[in-house]
Amino acid sequence: MSSSTASSSAIESVLVENRVFPPSAATVKAARVSGMAQYQAMCEAFDKDFEGTWARLARENLVWSKPFTKTLSQGSKPFYKWFEDGELNASANCLDKHVGTPIENKTAIIFEADDGAVTKVSYKELLAKVSQFANALKAQGIKKGDRVLIYMPMTIEGVVAMQACARIGATHSVVFGGFSAKSLQERIIDAGAVAVITANYQMRGGRELPLKAIVDEALGMGGCDSIKTVLVYQRTATACNMVAGRDKTFTEALAGQSTVCKPEQVGAEHPLFILYTSGSTGKPKGVQHATGGYLLWARLTMDWTFDLQPNDIFWCTADIGWITGHTYVAYGPLAAGGTQIVFEGVPTYPNAGRFWQMIEKHKATIFYTAPTAIRSLIKAAEADEKVHPARSNLSSLRILGSVGEPINPEAWMWYHKHVGGERCPIVDTFWQTETGGHVITPLPGATPLVPGSCTLPLPGISAAIVDEMGNDIPNGTGGILVIKKPWPSMIRTIWGDPERFKKSYFPEELKGYYLAGDGAVRSADRGYFRITGRIDDVLNVSGHRLGTMEIESALVSKTDLVAEAAVVGRPDDLTGEAICAFVVLKRSRPTGEEAKQIANELRNWVAKEIGPIAKPKDIRFGDNLPKTRSGKIMRRLLRSLAKGEAITQDITTLENPAVLDQLAQTN
Ligand code: PRX
C-alpha cells in the first residue's frame, strides 16, 4: 500500500456526476433480479443467514456428486474453504448437466474466426469434443492434480482444452498469447506444469503469428524439465517445428480416442486453475481458484449481472488468457446453458466496425467489453463514418457491460447512446483476477445507473471503504476498498507462496478484511462506489494489469545498457494508463535521434522479456533518478514529470534537482 495514485479529479467527478439512468419499467418487470426491493431482499438474506444463503445457492445452482455438509470453514483464516466436503466436476456442471435436457441441441458456441468464418457447436457436440480431448490428455499420462499450461488463441479448441483439464481434474494455467517466451517459461516453472497445449499459429488482424515457436523457445530456456508433452492445434496450414517424442498434433492425440469420458469428481476446494497476474513486486503471482466456489459465482453472476435468459446471445470479447475470459467465456456461459459468441480476431480488422457488424450478424443480445476498446472505437467512428455503430443494426442488444478499468463518463455516454440506443442498461462490473467474478456492479433490471460508477456490491459481497487501519469512513471520502467477509469465488492462495498471499491480501492492520488493492469512494447521496485506481504499484494499461516493478526488472536485465530504471503510470486518453519509464544508462545520457533509437531498443527488449503489452510508451533518460538523500527514488515526482505537470512538490530533500529537466523530455 505504498504510493497512492487515487486521483483527486476522479473523486471530484463522482461528486459532480448527477446523471441517473434508471432501468425502464419493462426491463425491471422482465429481469431475474427485478427492482431494487428484490436486490435489497437478496442482500438481507445474507445479513440474516450468511452461510445458509450461500449453502442454498450452491445446492440450487450446482450439481454435486457428493453433497457438502460444511459451508464455510474458517479454521485457518485467511485460507477459507467453501463447501469443503462436497464433490463435483466443473466440466460436468457446464456440459453433462445440459445433455438429456432441451438444451443439449442448443448452440453453446458461435465461433467467428479472424477471417469471418463461422463455426457453431451445440452442447452435445461440445461435450463430445471435451470428452475426447480429456481422453487424449489421459492417454498422455496427464492426471488429476497435474498442472497443464494452455497457450492458445481464442478458438473453440481453447475452451475445449480448459474444459478437458477440468474434466480430468488437472489444474489449468492459461497464458495469454501475447506473453513472451520468457514469461511463459517463468509460469511453466512456477506451476510445475507437465504439459503445454498450444497452436502452431494464431490469426490476428489478418496476420499469422507464431505460438508453437514461442513455446519451443520457452522450453529451450531451461528449467522446464517437468514438461513431458506438447499438444499442438493446427490452426493454420503452415507447418511448425515438432519435437519427436514430446510434441503431438491434436489430430494425432485425438486419433482413436472415445468421445465419452467419465468426469473425475474432485473436492470443492480442488484447484480448478491458476492464473498469473501482476502484483506490486517483480514476480507475477499464480492466483489459485477452487472448483466449487468459483463455479458457483460464475454461474450466479451470469444470472444476476447479465440477467441471462434462454434466448440470449451472449458475447464477452475477452481473451481466455485473462480472468474475464475464464469466468465469462470458458465457464459462466456454459454453466448457465447460454449461447455465446467466441471471437478470434481484433476489433479493428478488417475495419473498426467489426464488433458492430458481428452484433448485427449474430443478433447478440448481451455485449461485454473493455473501456479501452470502446474508446478506440469511438475515435475510429469519429474519424470514419463507415465504421460508426449507426451503420449496423444493433436492435438485438438489450444489455451492455464494461470491465477491466474505470469507464470515463464520456465513453459511458457514447456506449449508452450509440451502441445501446439509449435503451440498454450498462453494467460497469468491478472485479479482479482474485475475486473470480463480479463483486461490485449494477444489476440491469434493478440499479439506477450513474455513468462511471460500478454502483453497489452484489448480494453476499461485503465491500466497504476503510482507512489504513481498517476503520469505516464516511461516504464522499476516498479510501481503501476492502471486502469484509469471505465469499465462495475468492482467491484461495498464491500458488506455492501462501505467505505472499497473506501479506498481499490480508495485511494485519486491516482487521482480516480482503484488500483489493484499489482506492474507491462512495457517493454521498446513493452510496455508489467509484473506483479511483490502484493504490499499489500496479498499472492498468488497456485493461491489462502490469506491475511497475516487473517492467523495471525487465529494463535492468538489459545489463549491457541499463544501470537503473523506474516505471510509473500516467493517464492516457486511449489506454487509460500509459507506461512511462525513467532510465539511467551505463553510458552517457543520449539525446536526439540516438535517444529515440535506444528508447526503441529498450521497448523491444521489454516486449521480449514480458510481452508487447508491457512496452513503455514514454522512455526518458537522465544522468540519475531523483532520489532523497537516503537514496530512495521519489516516485511522486516521477509521476508529476510523466504527466508533464509543473513540479510543485517540496524538492528540498532531493539530492540532484538538475535531473528533473532531463527527465521531463520524452523520446
Ligand atoms: O484496478 C481494478 C481494475 O482492474 C483491476 C483488476 O485487474 P485484473 O485482475 O486483470 O482483472 C480485470 C478483469 C476483471 C482492479 O483491481 N478494474 C477492473 N474492473 C474495473 C476496474 N476498475 C474500475 N472499474 C471497473 N469496472
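Sequence positions are assigned chain by chain, starting from 1 and proceeding in written order. Residues qualify for local features only when their pLDDT is at least 70, as the model is predicted, and side-chain atom pairs are given and counted only at 80 or more; totals for whole chains, interfaces and linings, by contrast, use all residues. Side-chain descriptors were evaluated using all non-hydrogen atoms of the structure, hydrogens and water having been removed beforehand.

Asker: Even after reading the chapter, I still don't get the site of the ligand, so can you show me in this structure?
Answerer: Put simply, a residue is near a molecule or strand once any heavy atom of it comes within 4 Å of that molecule or strand. Around the ligand, the structure places 17 residues, and the nearest of them are Thr-429, Thr-433, Asp-518, Arg-534 and Arg-545. The definition of a polar contact used here is a pair of N or O atoms within 3.5 Å, where within protein one atom must be able to donate a hydrogen and the other to accept one, and adjacent residues in sequence count solely through side-chain atom pairs. One nitrogen or oxygen atom from the side chain of Gln-432 is found 3.0 Å from an oxygen atom belonging to the ligand. Separating an oxygen atom of the ligand from a side-chain N or O atom of Arg-545 is a distance of 2.7 Å. Here the open area of atoms and residues is found with the Shrake-Rupley method and a 1.4 Å probe, where only the protein chains shown may cover a residue. For the ligand, whose accessible area on its own is 540 Å², the fraction buried by protein is 95%. Helix numbering and strand numbering both begin at the N terminus, where a helix is a DSSP run of H or I of at least 4 residues and a strand a DSSP run of E of at least 2. Sorting the residues of the shell around the ligand by element identifies α12 (323–335), β20 (426–429) and β25 (529–534) as the ones contributing at least two each. Charged residues are taken to be Asp, Glu, Lys and Arg, nonpolar residues to be Ala, Val, Leu, Ile, Met, Phe, Trp, Tyr, Cys and Pro, and polar residues to be all remaining types, Gly included. Here the shell around the ligand is composed, by residue class, of six nonpolar, six polar and five charged.

Asker: When you look at the UniProt feature "binding site: CoA" (unreviewed entry) in the protein in this model, what are you seeing that I'm missing?
Answerer: With numbering aligned to this structure, UniProt lists the feature "binding site: CoA" (unreviewed entry) at Arg-204, Gly-205, Gly-206, Arg-207, Thr-324 and Ser-542. The greatest C-alpha distance among the residues just named is 24.5 Å, and with 339 residues of sequence between them they are spread in space as well. When you line up the elements, Arg-204 lands in strand β9 (residues 201–204). Partly exposed residues are those whose accessible area sits between 20% and 50% of the maximum for their type, while under 20% is buried and over 50% is exposed, using a 1.4 Å probe and protein chains only. Residue class for Arg-204 comes out partly exposed when judged on its relative accessible area of 29%. Those residues within four positions of Arg-204 in sequence are excluded, and the remaining contacts are Asp-114, Leu-209, Glu-344, Gly-345 and Val-346. With respect to the element layout, Ser-542 can be found in the loop between β26 (538–541) and β27 (544–547). Setting aside residues no more than four positions away along its own chain, Ser-542 makes contact with Thr-372, Glu-405 and Thr-575. UniProt positions are given in the numbering used here, feature names are shortened, and annotations may be inferred rather than shown by experiment. Should any heavy atoms of two residues lie within 4.5 Å, those residues are counted as being in contact.

Asker: Is there a simple way to think about the pattern of salt bridges in this case?
Answerer: A side chain of one charge can pair with a side chain of the opposite charge if their charged atoms are brought near each other. In the sections that follow, a salt bridge refers to a side-chain nitrogen of Lys or Arg positioned within 4 Å of a carboxyl oxygen of Asp or Glu. The final tally for this structure, using the stated rule, is 39 salt bridges. Where Asp-572 meets Lys-617, a salt bridge forms, and the shortest distance between an N and an O atom there is 2.8 Å. You can see Asp-572 sitting in strand β28 (residues 562–572) and its partner Lys-617 sitting in the loop between α18 (592–609) and β30 (618–621), a full 45 residues away along the chain. By relative accessible area, Asp-572 is classed as buried at 12%. Judged by its relative accessible area of 46%, Lys-617 is partly exposed. Salt-bridge contacts for Arg-620 lead to Asp-618; the nearest nitrogen and oxygen are separated by 3.4 Å. An identical accessibility class is assigned to Arg-620 and Asp-618; each is buried. If you follow the salt bridges from partner to partner, you end up with Arg-570, Asp-572, Lys-617, Asp-618 and Arg-620 in one network.

Asker: What exactly am I supposed to notice about the nonpolar core here?
Answerer: Soluble globular proteins tend to pack their nonpolar side chains together in the buried interior. Formed by 161 residues in total, the largest nonpolar core has its most connected members in Trp-54, Leu-126, Ile-197, Trp-304, Tyr-331 and Val-583. The dominant element in this core, judged by the number of residues it contributes, is helix α7 (residues 156–168), at nine residues. When neighbours within four sequence positions are excluded, Ile-197 is seen to be in contact with Phe-133, Leu-137, Val-148, Leu-149, Ile-150, Tyr-151, Met-152, Ala-161, Cys-165, Leu-231 and Phe-250. The term nonpolar core refers to a set of buried residues drawn from Ala, Val, Leu, Ile, Met, Phe, Trp, Tyr and Cys, joined through side-chain atoms within 4.5 Å. Counting residues in each nonpolar core, the second largest holds 30 residues, with Phe-343, Ile-378, Val-387 and Leu-400 among its members.

Asker: Please explain the side chain of Lys-558 as it appears in this structure.
Answerer: Inspection of the secondary structure assignment puts Lys-558 in the loop between α17 (548–556) and β28. Residues in contact with Lys-558, not counting those within four places in the same chain, are Glu-601, Leu-602 and Trp-605.

Asker: Explanation requested: the environment of Thr-648 in the structure shown.
Answerer: The topology assignment puts Thr-648 in the loop between α19 (635–643) and α20 (659–663). Given the relative accessible area of 71%, Thr-648 is considered exposed. In the structure, Thr-648 is positioned 11 residues away from Leu-637 in sequence and 9.1 Å away in space, judged by C-alpha atoms.

Asker: Explain the confidence of the model for the protein here, please?
Answerer: Note: predicted coordinates in regions of low pLDDT should not be interpreted at a detailed level. Confidence of the predictor at the level of single residues is given by pLDDT, which spans 0 to 100. Looking at the protein, pLDDT values average 95 and 98% of them are 70 or higher. Here residues 1–15 scores under 50 on pLDDT; set against residues more than four positions off or in separate chains, the count is 29 contacts. If you check the scores for this complex, the pTM reads 0.95 and the ipTM reads 1.00.

Asker: Would you mind going over the packing of aromatic side chains with me for this structure?
Answerer: Centre distance and the angle of the planes are the two values used to describe a pair of aromatic rings. Two rings from Phe, Tyr or Trp (for Trp, the six-membered ring) form a pair when their centres sit within 6.5 Å of each other. Planes less than 30 degrees apart are called stacked, planes more than 60 degrees apart edge-to-face, and all others tilted. One pass over the full model with this rule turns up 39 aromatic pairs. Ring centres of Tyr-294 and Tyr-331 lie 5.8 Å apart, and the angle between their planes is 90°; on these two criteria the pair is classed as edge-to-face. Of this pair, Tyr-294 sits in helix α11 (residues 291–304) while Tyr-331 sits in helix α12; the two residues are 37 residues apart in sequence, bridging distant segments of the chain. Of the two residues, Tyr-294 and Tyr-331, neither departs from the other in class, the shared state being buried. Stacked on the ring of Phe-179, the Lys or Arg Arg-187 has its end atom at 4.6 Å from the ring centre. Lysine and arginine charges are scored as sitting over a ring when NZ or CZ, respectively, is within 6 Å of the ring centre and within 35 degrees of the ring normal. Directly above the aromatic system of Trp-605 lies the positively charged group of Lys-558, at a separation of 4.8 Å from the ring centroid.

Asker: I keep staring at the pairing of strand β6 (residues 147–151) and nothing clicks. Help me out?
Answerer: On a regular strand, one side chain projects to one face of the sheet and the next to the other, so that they alternate. Burial of β6 is extensive: five of the five residues sit out of reach of the surface. What you see with β6 is no split at all: Arg-147, Leu-149 and Tyr-151 on one side and Val-148 and Ile-150 on the other are buried throughout. Sheet analysis places β6 next to strand β7 (residues 171–174), joined by four bridges and oriented parallel. Its bridge partner being in β7, Leu-149 is matched across the sheet by Ser-173. Viewed with both strands pointing away, a crossover whose connecting path from the first strand over the helix to the second turns clockwise is right-handed. For the crossover that starts at β6, traverses α7 and ends in the parallel β7, the hand is right-handed. Across four bridges, β6 lies against strand β8 (residues 195–199) in parallel orientation. The partner of Leu-149 across the bridge, within β8, is Val-196. Only when DSSP finds a minimum of two bridges between them are two strands counted as paired.

Asker: Honestly, unusual backbone geometry in this entry has me stumped. Any pointers?
Answerer: Outside of glycine, negative phi angles account for most residues, and trans bonds account for most peptide bonds. A cis geometry characterises the amide bond from Lys-77 onward to Pro-78, with omega recorded as 0°. Here Pro-78 shows up in the loop between β1 (72–73) and β2 (81–82). The amide bond that connects Tyr-349 to the next residue, Pro-350, takes the cis arrangement and shows omega of -5°. Within the fold, Pro-350 resides in the loop between β17 (339–343) and α13 (354–362). Although it is not a glycine, Phe-83 sits at a positive phi angle of roughly 55°. Following the sequence through the fold, Phe-83 ends up in the loop between β2 and β3 (87–88). In this structure Phe-83 comes out as buried when scored by relative accessible area, which is 0%. Look at Glu-422: it is not a glycine, yet its phi comes out positive at around 60°. The topology assignment puts Glu-422 in the loop between α15 (409–419) and β20.

Asker: When you look at the side chain of Asp-303 in this model, what are you seeing that I'm missing?
Answerer: Positionally, Asp-303 belongs in helix α11. For Asp-303, a relative accessible area of 10% translates into the label buried. Filtering out sequence-adjacent residues up to four positions away, Asp-303 remains in contact with Arg-32 and Leu-308.

Asker: Whenever I open this one, the sheet that holds β25 confuses me. Can you help?
Answerer: Backbone-to-backbone hydrogen bonds pair the strands of a sheet. The strands run either parallel or antiparallel. Taken in spatial order, the four strands of this open sheet run β21-β22-β24-β25, and their pairing is antiparallel. Looking along the sheet, the strands with just one partner apiece sit at the ends: β21 (463–466) and β25. Between one strand axis and the next, the sheet turns through 45° on average, direction left out of account. Direction of pairing for β21 relative to strand β22 (residues 479–483): antiparallel, over a ladder of four bridges. Paired with Ala-463 across the strands is Ile-483, a residue of β22. Lines fitted to C-alpha atoms define the axes here, with helix axes fitted over just the stretch in contact, and angles between the N-to-C directions of these axes take values from 0 to 180 degrees.

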